[in-house]
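Inside the fold
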Amino acid sequence: AVVLTTGVAAQAQTAFHDKLKSLPFKIAHECYVNGNWEIFVMNADGSGSVNLTNTPKQNEHYPQVSPDNTKICFSVDRGEGRETSRSLWVMDVNGKNRRKLVDYAREPFWGPDSKTIGFLPQEYPKWSVNDYYTKGMSFYDLTTGRITPHPNSANLHHLYNPSWSRNGKWIVATVHAGMGVNHGILLIEANGSKIINLKIPGCRPCFSPDGKQIAWGPSDQEIAAAPINVDADEPAVGPRRVR
């Protein structure tokens, strides 16, 4: 029975790899190489890995591909110890036309129009490794260079890993020790003050490209997904699937 089960699992793994190999998509990710964090892209099956940044004296993190697949926004760390500065950058998907947008900015995320990048201002100027070291929320307009605070920015605290819904109405994010919540996943109205605690355990939520699903990590070893109706006045998460 053990041999049969192992054989079936191997066949399933091979079939899944073949399916990934046939997909036209690429994956952007950060990778620690030669004592430095860089941003790479690779094919869906893990082949064809390319280092887009190649910057041995600074660290790049958290790449996010724009919905129109033309640009990548990301974070750059410069300096040492508490004097490290994290800033928001953007580049073309091939690594060209790289430029800095905002200092002391964390957790970049794209608006559905691919012309706006949301980010979370760093809580204090001094560096901290904590991912929730943020206070407020702002939006950078790539066309004008204008920075606009979220209308409820003063009440947004200790968020991380935000993701914007396709219809532009909602932003989902994790909160840790802030906003009256110990640890949870919140829906934040993009152009208003409404906040909904989804009351699901875990962190790092992300909307699907069509905006109809939400995925998150219930733990470090699991991925969960559930339908969500972000067009409703009071969006709620449907039945969960955990893998």
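Residues numbered from 1 in each chain as written. Predicted model: local features only at pLDDT ≥ 70, side-chain atom pairs only at ≥ 80, totals over all residues. Heavy atoms only, no water.

Re the sheet that holds strand E4 (residues 59-65)
The strands making up a sheet associate through hydrogen bonds between their backbones, and the pairing can be parallel or antiparallel. Spelled out, the test is: When DSSP finds two or more bridges between two strands, those strands count as paired. Labels follow the DSSP assignment, with helices taken as runs of H or I lasting at least four residues and strands as runs of E lasting at least two, numbered in each case from the N terminus. Helix axes are fitted only over the stretch in contact, all axes being lines through C-alpha atoms; the angle between N-to-C directions runs from 0 to 180 degrees.
Strand order in the open sheet made by the four strands is E4-E5-E6-E7, with antiparallel pairing throughout. Every interior strand has two partners, whereas the edge strands, E4 and strand E7 (99-103), have only one. Neighbouring strand axes in the sheet, compared pairwise and without regard to direction, differ in orientation by 25° on average. Pairing geometry for strand E6 (residues 85-92) and E7, over four bridges, is antiparallel. Within E7, the position partnered with Ser-87 by the bridge is Asp-103.

Quick look at the layout of surface pockets
To be explicit about the condition: In the cavity and pocket records, a cavity denotes points on a 1 Å grid over the protein atoms alone where a 1.4 Å probe fits but cannot get out, a pocket denotes an open set with protein on both sides within 12 Å along at least 5 of 7 lines, and lining residues are residues with an atom within 4 Å of a point. Grid points are joined across faces, edges and corners, and a volume is the space filled by probe spheres set on the points. Think of it as three bins: nonpolar holds Ala, Val, Leu, Ile, Met, Phe, Trp, Tyr, Cys and Pro, charged holds Asp, Glu, Lys and Arg, and polar takes everything else, Gly as well.
Computed from the structure, the largest pocket encloses a volume of approximately 1,600 Å³. Listing elements by their share of the lining of the largest pocket, those giving two or more residues are strand E1 (26-33), E4, strand E8 (105-110), strand E12 (159-164) and strand E16 (203-207). Within this model, the second largest pocket holds a volume of roughly 240 Å³. Lining the second largest pocket we find 16 residues, and of these Asn-59, Asp-77, Gly-79, Glu-80 and Thr-84 sit closest to its centre. If you list the elements that add at least two residues to the lining of the second largest pocket, you get E4 and strand E5 (71-78). Residues of the lining of the second largest pocket, tallied by class, amount to three nonpolar, eight polar and five charged.

Let's talk about the environment of Val-242
The condition is simple: Three labels apply to residues, based on accessible area from a 1.4 Å probe with only protein chains included: buried if under 20% of the type maximum, exposed if over 50%, partly exposed otherwise in between. Two residues form a contact once any of their heavy atoms are found within 4.5 Å.
Mapped onto the fold, Val-242 is located in strand E19 (residues 241-242). Overall, Val-242 belongs to the partly exposed group, its relative accessible area being 41%. Once the C-alpha coordinates of Val-242 and Tyr-160 are considered, the two residues, 82 residues apart in sequence, prove to be 22 Å apart. In contact with Val-242, other than residues within four places in its own chain, are Glu-222, Ile-223 and Ala-224.

Thoughts on the sheet that holds strand E11 (residues 147-149)
Ordered in space as E8-E9-E10-E11, the four strands form an open sheet in which the pairing is antiparallel. Looking at strand neighbours, the two that pair on one side only are E8 and E11, the edges of this open sheet. Taking each pair of neighbouring strands and ignoring which way they run, the sheet shows an average axis angle of 30°. As judged from the four bridges shared by strand E9 (residues 116-121) and strand E10 (residues 138-141), these two strands associate in the antiparallel manner.

What about the packing of aromatic side chains?
In plain terms, the rule: In this analysis, rings of Phe, Tyr and Trp, with Trp reduced to its six-membered ring, are considered paired at centre separations within 6.5 Å, and the interplanar angle assigns stacked below 30 degrees, edge-to-face beyond 60, and tilted for intermediate values. Note on criteria: charge over ring means Lys NZ or Arg CZ within 6 Å of the ring centre, with the direction from the centre no more than 35 degrees off the ring normal.
Applying the stated rule across the entire model yields four aromatic pairs. Ring plane angle 50° and centroid distance 5.8 Å describe the contact between Phe-109 and Trp-164, whose orientation is recorded as tilted. Here the residue Phe-109 occupies a position in strand E8, and Trp-164 occupies one in strand E12, the gap between them amounting to 55 residues. Linked through ring pairs, Phe-109, Phe-139 and Trp-164 together constitute an aromatic cluster. Its guanidinium or amino end placed over the ring of Trp-89, Arg-98 lies 4.7 Å from that ring's centre, counting from NZ or CZ.

From the geometry alone we can't say anything about function, so treat these as descriptive.
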